[in-house]
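# Overview (structure and organization)
Residue-level listing of the chains:
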Amino acid sequence: RRLSGVSDPYGPLKTHVQRAVIPKLGPWLFSNQESPDLRREVDESVARELDASGTPLAAVDRERLIEEIAADILGYGPLERFLADDTVTEVMVNGFDRIYIERDGKIETTDASFVDDDHLQRIIDKIVSRVGRRVDERSPMVDARLPDGSRVNAIIPPLSLGGPTLTIRKFARDPYTIENLIDFGSLTPKAAHFLQSCVEGKLNVLISGGTGTGKTTLLNALSASIPVDERIITIEDAAELQLQQTHVIRLESRPPNIEGWGELRIR
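Another aspect to go through is the overall build of the protein chain. Counting secondary structure elements, the protein chain contains eight helices and eight strands. If you line up the protein chain on its principal axes, its C-alpha atoms span 70 × 45 × 40 Å. Restricting the contact set of the protein chain to residue pairs at least 6 apart, pairs at least 24 apart contribute 45%. Of the charged side chains in the protein chain, 33 are positive and 42 negative, and the gap between their average positions amounts to 3 Å.

Below, the discussion takes up a nonpolar patch on the surface. A cluster of nonpolar residues, Ile233, Ile235, Leu251 and Ile266, forms a patch on the protein surface that exposes about 350 Å² of accessible area. Note that Leu251 resides in strand E8 (residues 248–252). Residue Leu251 is classed as partly exposed on the basis of its relative accessible area, which comes to 41%.

The next thing to look at is the packing of helix H1 (residues 11–25) against helix H3 (residues 59–74). The interhelical angle for the contact between H1 and H3, taken along N-to-C directions, is 55°, at an axis separation of 10 Å. Put simply, H1 runs oblique to H3. Seen from above, H1 lies across H3 with right-handed handedness. Here H1 contributes Leu13, Lys14, Val17, Gln18, Val21 and Ile22 to the contact with H3, which in turn contributes Leu65, Glu68, Ile69, Asp72 and Ile73. Across the contact of H1 with H3, the residue classes break down as seven nonpolar, one polar and three charged.

Our next topic: the packing of helix H2 (residues 36–53) against H3. For the pair H2 and H3, the least separation of the axes is 9 Å and the interaxial angle reads 125°. It follows from the interaxial angle that H2 and H3 lie oblique. Between H2 and H3 lies a crossing whose hand is right-handed. Contacts from Leu38, Arg39, Val42, Asp43, Val46, Ala47, Leu50 and Asp51 of H2 reach H3 at Arg62, Leu65, Ile66, Glu67, Ile69, Ala70, Ile73 and Leu74. When its residues are assigned to classes, the contact of H2 with H3 shows eleven nonpolar, no polar and five charged.

Counting 26 residues, the largest nonpolar core has Leu79, Val91, Val93, Ile99, Leu166 and Ile168 as its most contacted members. Breaking this core down by element, the ones donating at least two residues are helix H4 (80–83), strand E1 (88–95), strand E2 (98–103), helix H5 (117–129), strand E4 (141–145), strand E5 (151–155) and strand E6 (165–169). If one sorts the elements of this core by residue count, H5 sits on top with five residues. If near-sequence neighbours (up to four positions away) are discounted, Leu166 is found in contact with Leu79, Val91, Met92, Val93, Leu120, Ile124, Ile127, Val152, Asn153 and Ala154. Residues Tyr10, Leu13, Ile22 and Leu74 belong to the second largest nonpolar core, which totals 17 residues.

Let us now look at the pattern of salt bridges. Under the definition given, this model contains 18 salt bridges. Among the ionic pairs, Arg48 bridges to Glu41, the shortest N-O distance being 3.6 Å. Across the pair Glu90 and Arg169 runs a salt bridge, and its minimum N-O distance is 2.6 Å. Note that Glu90 is positioned in strand E1 and Arg169 in strand E6, a separation of 79 residues in sequence. A single network of salt bridges, built from pairs that share partners, joins Lys14, Asp61, Arg64 and Glu68.

What follows deals with the confidence of the model for the protein chain. Of the residues in the protein chain, 93% have a pLDDT of 70 or more, and the chain-wide mean is 85. Confidence scores differ between elements of the protein chain, with H1 showing the lowest mean pLDDT of 80 and helix H7 (residues 189–200) the highest of 96. Low confidence marks residues 1–6, where pLDDT is under 50. Its contacts with residues over four positions away, or in another chain, come to 13 contacts.

The next thing to look at is the environment of Pro175. Of note, Pro175 is situated in the loop between E6 and helix H6 (178–184). Overall, the relative accessible area of 25% leaves Pro175 in the partly exposed class. Considering only alpha carbons, one finds Pro175 and Glu108, 67 residues apart in sequence, at a separation of 24 Å.

Right, let's talk about the packing of aromatic side chains for a bit. Throughout the structure, instances matching the rule amount to one aromatic pair. Here the aromatic rings of Tyr176 and Phe184 are separated by 5.0 Å at their centres, their planes lie at 85°, and the arrangement is edge-to-face. Relative accessible area serves as the criterion here: at 39%, Tyr176 is assigned to the partly exposed category.

Reading guide: rules and limits
Residues numbered from 1 in each chain as written. Predicted model: local features only at pLDDT ≥ 70, side-chain atom pairs only at ≥ 80, totals over all residues. Heavy atoms only, no water. Helix = DSSP H or I, 4+ residues; strand = E, 2+ residues; numbered from the N terminus. Contact = heavy atoms within 4.5 Å. Lys, Arg positive; Asp, Glu negative; His and termini not counted. Charge placed at Lys NZ, Arg CZ, Asp CG, Glu CD. Patch = residues over 30% accessible without salt bridge, like charges linked within 9 Å, V, L, I, M, F, W, Y side chains within 5 Å. Areas by Shrake-Rupley, 256 points an atom, 1.4 Å probe, with all protein chains shown as cover. Salt bridge = Lys/Arg side-chain N within 4 Å of Asp/Glu carboxyl O. Buried < 20%, exposed > 50% of the residue type's maximum accessible area, 1.4 Å probe, protein only. Axes fitted to C-alpha atoms, helices over the stretch in contact; angles between N-to-C directions. Parallel < 35°, antiparallel > 145°, perpendicular 65-115°, else oblique. Left-handed = near helix turned anticlockwise from the far one by under 90°. Nonpolar A, V, L, I, M, F, W, Y, C, P; charged D, E, K, R; others polar. Core = buried A, V, L, I, M, F, W, Y, C linked by side-chain atoms within 4.5 Å. pLDDT = per-residue confidence, 0-100. Phe/Tyr/Trp six-rings, centres within 6.5 Å; stacked < 30°, edge-to-face > 60°.

Structure (structure tokens):
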């Protein structure tokens, strides 16, 4: 089902301006850090393109469009509104013009889209570069994360035949507790007590399951049972755990560089 909403009357103008601005700013636009100078340059470039378009705009509309287009260019494009929506648990980009979301366990189609494959590819590059990863023809599939810990998987050609694809599994801002899982009916109080006792007793616990079944959610909840006077070290492919203790060292494996060197696996 398509999300309700009124079509943006300035949509074509935004697309035109974005197509013009992105190539002019080049790689600087997708550096790891957004600086005041970059924001000022984006604002000025957008303003120049709006003026050059010849579209009559009221002052308040012009300022709003500059803000919206700049935010789109500097952020995650059409994904921004879904990443900011706490009711959305997953964002699935099957192509630049095919974006789906998951809400309340149901998959919905959306009216959002990127400008083209290049626009989507640039957003992917921006995401993965911020955590020291890369995605190109030699490494066309990558796992990464957003600053809030949300999991990201990107696949590009030649593995993906229909252009770049992107999947973002969002993390809850406040991780679920064991009590939450009991309230949801995911665990019985007896099972929760048994698992907590296993953790406190320092037994090995293996949590396995398919994609999206709640492995990380359960592990986060169980980790709260680790005594605060213990030292915790986590080792992950892509850092996802949200531990509540303070005495924690977080380690992450590293993929090979473009020459094929420097890989450090979990083992």
